[in-house]
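A structural walkthrough
Now for the letters of each chain:
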Protein chains: 2
Amino acid sequence: MAGIFYGVGVGPGDPELLTLKAINAIKAADVIIAPRTEKKDESTAFTIAKPYIQENTQILELVFPMNYNAQALSEAWVNNKNTILGLLEAGKKVIFLTLGDPMLYSTYMYVFRLLEDCGHEIVNIPGVNSFCAIGNRLGVPLAEGGDILSIIPATIDEERLEQVLQVSDNVVLMKVYKNFAQIVDKLNKHGMTENAVMVSKCGLEGEEIFHDLSGAVNDQKVNYLSTILTKRSKVSKHALA
Amino acid sequence: MAGIFYGVGVGPGDPELLTLKAINAIKAADVIIAPRTEKKDESTAFTIAKPYIQENTQILELVFPMNYNAQALSEAWVNNKNTILGLLEAGKKVIFLTLGDPMLYSTYMYVFRLLEDCGHEIVNIPGVNSFCAIGNRLGVPLAEGGDILSIIPATIDEERLEQVLQVSDNVVLMKVYKNFAQIVDKLNKHGMTENAVMVSKCGLEGEEIFHDLSGAVNDQKVNYLSTILTKRSKVSKHALA
């Protein structure tokens with residue numbers, strides 16, 4: 001009997017923003033893995049999916065350490081792989097939940113790599129990205145016409161950040177909690193503060209929207225689930241051209 | 001009685017990839033606008049949503065010319081605005097469907113701008129992007145760790161394309177049918193052909209996947225709904241650093 005492994009994107013936070021395909025997979029699951037990592041994303045994903053999880057579905061807590069190395073798998077990763085393979089060999093439908101989309105900055109990609117050659121069917125189900133949810137929530141276009149949109153993990157080094165801001169019309173900055181002051185400084189330099197908006201915990205309890213980024217950093221610590229959307233203001237565009 | 005206007009993202013093609021929120025809005029709609037433009041996206045969006053459209057829902061065909069100008073609205077745009085406002089004033093729930101996500105390269109953004117200050121409630125419902133669907137379909141990560149992902153309309157000028165390829169780790173090229181040969185040439189130059197994959201009509205009837213881009217251009221015309229995903233190969237990354 002052949003099992004199936006599912007990587008399921010649960011979207012940005014609102015349980016109504018799961019796709020029908022994701023909901024159907026969750027409802028039909030035998031086992032749902034509730035991963036524990038340094039990232040808080042995974043437990044959030046579990047909370048979002050909860051309304052669709054059936055009573056007889058097994059919830060399996062597994063610890064996935066962040067130090068994934070395909071060549072030298074740590075003991076925890078080897079154990080997790082064996083546990084999942086055991087379930088698949090018993091013909092189970094096993095689900096790994098991911099916040100947003102499974103193929104964009106997720107832990108799931110490492111789990112997928114671990115299993116992709118194991119001979120069992122794997123189904124990846126896409127999800128709505130947090131930055132799309134934010135754009136729709138605020139009525140702010142992410143990109144139009146000939147705009148270049150760059151998705152940037154704010155943790156990249158300064159020089160690269162500088163370069164990518166220079167060539168992009170619109171940007172999405174993810175993981176901005178780590179070096180928020182530096183990010184605001186760079187956006188200022190590129191005339192991208194005027195149109196900037198930051199959303200923390202979009203669609204989740206405790207959602208906050210900041211139209212003035214300098215206010216955001218003075219008043220409180222920036223939340224882990226915070227994203228900035230911005231675009232070059234028209235004047236600066238001409239000045240740089 | 002106050003109407004509500006909905007911008008609904010129907011996702012990339014598979015009717016199961018609509019969100020529950022989108023499905024519920026479509027089921028509850030009084031009127032669904034079936035826009036006609038030069039773009040083929042809109043009629044595709046209608047086909048995707050069809051399984052959820054109720055028998056008593058009115059389908060309204062409107063022509064939205066591409067030459068939108070907020071300062072000098074053409075007669076067609078003024079007429080459409082008045083038609084929609086009339087429906088909203090009659091308390092109707094009116095839906096405008098968009099392929100993918102409403103805030104990313106859509107005609108809907110212009111309709112949204114036309115109506116956003118009209119005093120009626122507007123609800124934007126995000127959708128799954130085509131590039132996420134492609135990444136999940138193929139098991140190809142769009143971005144991981146500190147990767148910069150740039151979404152590029154392939155119609156931008158050569159110099160800008162050159163610049164953005166240079167600073168991005170991973171790219172999504174949209175609308176590649178217009179200048180496909182030039183795009184392949186640039187990807188070659190930046191060591192991004194090796195990892196490239198093009199998908200036409202992802203999740204739709206007639207879906208095609210091309211792992212060899214040179215083969216794709218020789219054999220046939222490139223379809224309108226074609227997207228390229230690629231990343232810099234490791235070797236070139238070092239060579240450029």
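Cut-offs used in this document
- Every chain is numbered independently, its residues counted from 1 as its sequence is written.
- Chains carry letters from A onward and ligands carry numbers from 1 onward, assigned in written order.
- Reporting in this predicted model follows two pLDDT cut-offs: at least 70 for local features of residues, and 80 or more for side-chain atom pairs to be given and counted; totals over whole chains, interfaces and linings ignore these cut-offs and use all residues.
- With hydrogens and water excluded, all non-hydrogen atoms of the structure serve as input to the side-chain values.
- UniProt positions are given in the numbering used here, feature names are shortened, and annotations may be inferred rather than shown by experiment.
- For each residue, the accessible area found with a 1.4 Å probe, counting protein chains only, is set against the maximum for its type, and the residue is called buried under 20%, exposed over 50%, and partly exposed in between.
- Starting at the N terminus, helices and strands are each numbered in turn, a helix being any DSSP run of H or I of at least four residues and a strand any DSSP run of E of at least two.
- Two strands qualify as a pair provided DSSP detects at least 2 bridges between them.
- Interaxial angle, 0 to 180 degrees, is taken between N-to-C directions of lines fitted to C-alpha atoms, where a helix line uses only the stretch in contact.
- We call two residues in contact when some of their heavy atoms are within 4.5 Å.
- A least-squares fit on C-alpha atoms brings the copies together, and the residues used are those whose pLDDT is at least 70 in both copies.
- These domain limits were set by an automatic method or by a database of domain assignments.
- Values labelled buried area give the accessible surface lost by two parts on being combined, using a 1.4 Å probe and summing over both.
- Salt-bridge detection follows one rule: a side-chain nitrogen of Lys or Arg within 4 Å of a carboxyl oxygen of Asp or Glu.
- Distance and chemistry together define a polar contact, namely a pair of N or O atoms within 3.5 Å, with one atom able to donate a hydrogen and the other to accept it when in protein, and with adjacent residues in sequence counting only for side-chain atoms on both sides.
- Throughout this entry, Asp, Glu, Lys and Arg are counted as charged residues, while Ala, Val, Leu, Ile, Met, Phe, Trp, Tyr, Cys and Pro are counted as nonpolar. The remaining residues, Gly among them, count as polar.

In the nomenclature of an unreviewed UniProt entry, chain A corresponds to Cobalt-precorrin-2 C(20)-methyltransferase from the organism Methylomusa anaerophila. You can read under Sequence similarities (unreviewed entry) in the UniProt record for chain A the words "Belongs to the precorrin methyltransferase family." Under Pathway (unreviewed entry), UniProt gives the following word-for-word description of chain A: "Cofactor biosynthesis; adenosylcobalamin biosynthesis."

Now for the pairing of strand β1 (residues 4-9) of chain A. All names here are of chain A. Burial analysis of β1 places 6 of its 6 residues in the buried class, the great majority of the element. Of the two faces of β1, the one holding I4, Y6 and V8 and the one holding F5, G7 and G9 are both buried throughout. Bridge analysis of β1 against strand β5 (residues 121-125) gives 5 bridges, and the strand direction is parallel. Across the sheet, F5 pairs through a bridge with I122, a residue of β5.

The phi dihedral of A:K201 is positive, around 55°, even though this residue is not glycine. Note that A:K201 resides in the loop between β8 (197-200) and β9 (208-210). A relative accessible area of 29% places A:K201 in the partly exposed class. Backbone geometry at B:K175 places phi at a positive 55°, although glycine is not the residue there. Take B:K175: it is sitting in the loop between β7 (170-174) and α7 (180-189).

With that out of the way, let us pick up the sheet that holds strand β10 (residues 226-231) of chain A. Overall, mixed pairing links the 10 strands, which are arranged β9(A)-β8(A)-β10(A)-β7(A)-β6(A)-β6(B)-β7(B)-β10(B)-β8(B)-β9(B) in an open sheet. Two strands in the sheet have a free side with no partner beyond their single neighbour: β9 of chain A together with β9 (208-210) of chain B. In this sheet, adjacent strand axes meet at a mean angle of 15° when their direction is disregarded. Note: strand β6 (residues 149-153) of chain A against strand β7 (residues 170-174) of chain A, 5 bridges, orientation parallel. When the sheet's bridge partners are listed, A:I151 is paired in β7(A) with A:V172. Of the strands in this sheet, β6 (149-153), β7, β8 (197-200), β9 and β10 (226-231) of chain B are in contact with helix α5 (residues 130-138) of chain B, which crosses β10(B) at around 65°. Along the sheet face, α7(B) touches β7, β8 and β10 of chain B and points at about 5° away from the line of β10(B).

Mapping chain A onto chain B leaves a residual RMSD of 0.0 Å; the transformation is a rotation of 180° accompanied by 0.0 Å of translation along its axis. Taken together, the rotation angle and the small translation identify this as a two-fold axis. Both copies contact each other with a shared surface, as 100% of the interface residues of chain A are interface residues in chain B too.

On to the side chain of B:T44, then. Residue and element names in this part refer to chain B. If you trace the backbone, T44 turns up in helix α2 (residues 41-49). With relative accessibility at 16%, the residue T44 sits in the buried group. Setting aside chain neighbours within four positions, we find T44 in contact with L99, L204 and L225.

Here we take up the domain arrangement of chain A. Residues and elements named next belong to chain A. Parsing chain A into structural domains produces domain 1 (4-128) and domain 2 (131-240). Placing a centre on the C-alpha atoms of domain 1 and another on those of domain 2 gives a separation of 29 Å. Together, the buried faces of domain 1 and domain 2 total about 850 Å²; carbon and sulfur atoms form 72% of this surface. Remark: the boundary between domain 1 and domain 2 carries 0 salt bridges. The tally of links from domain 1 across to domain 2 stands at 1 residue pair in polar contact (both at pLDDT 80 or more). Per-class residue counts for the side of domain 1 that touches domain 2 are 6 nonpolar, 2 polar and 4 charged.

Quick look at the pairing of β8(A) now. All names here are of chain A. Because side chains alternate across β8, one face comprises the buried residues V197 and V199, and the other comprises M198 and S200, equally buried. In this sheet, β9 lies alongside β8 in antiparallel orientation, the contact comprising 3 bridges. Its bridge partner being in β9, V199 is matched across the sheet by I209.

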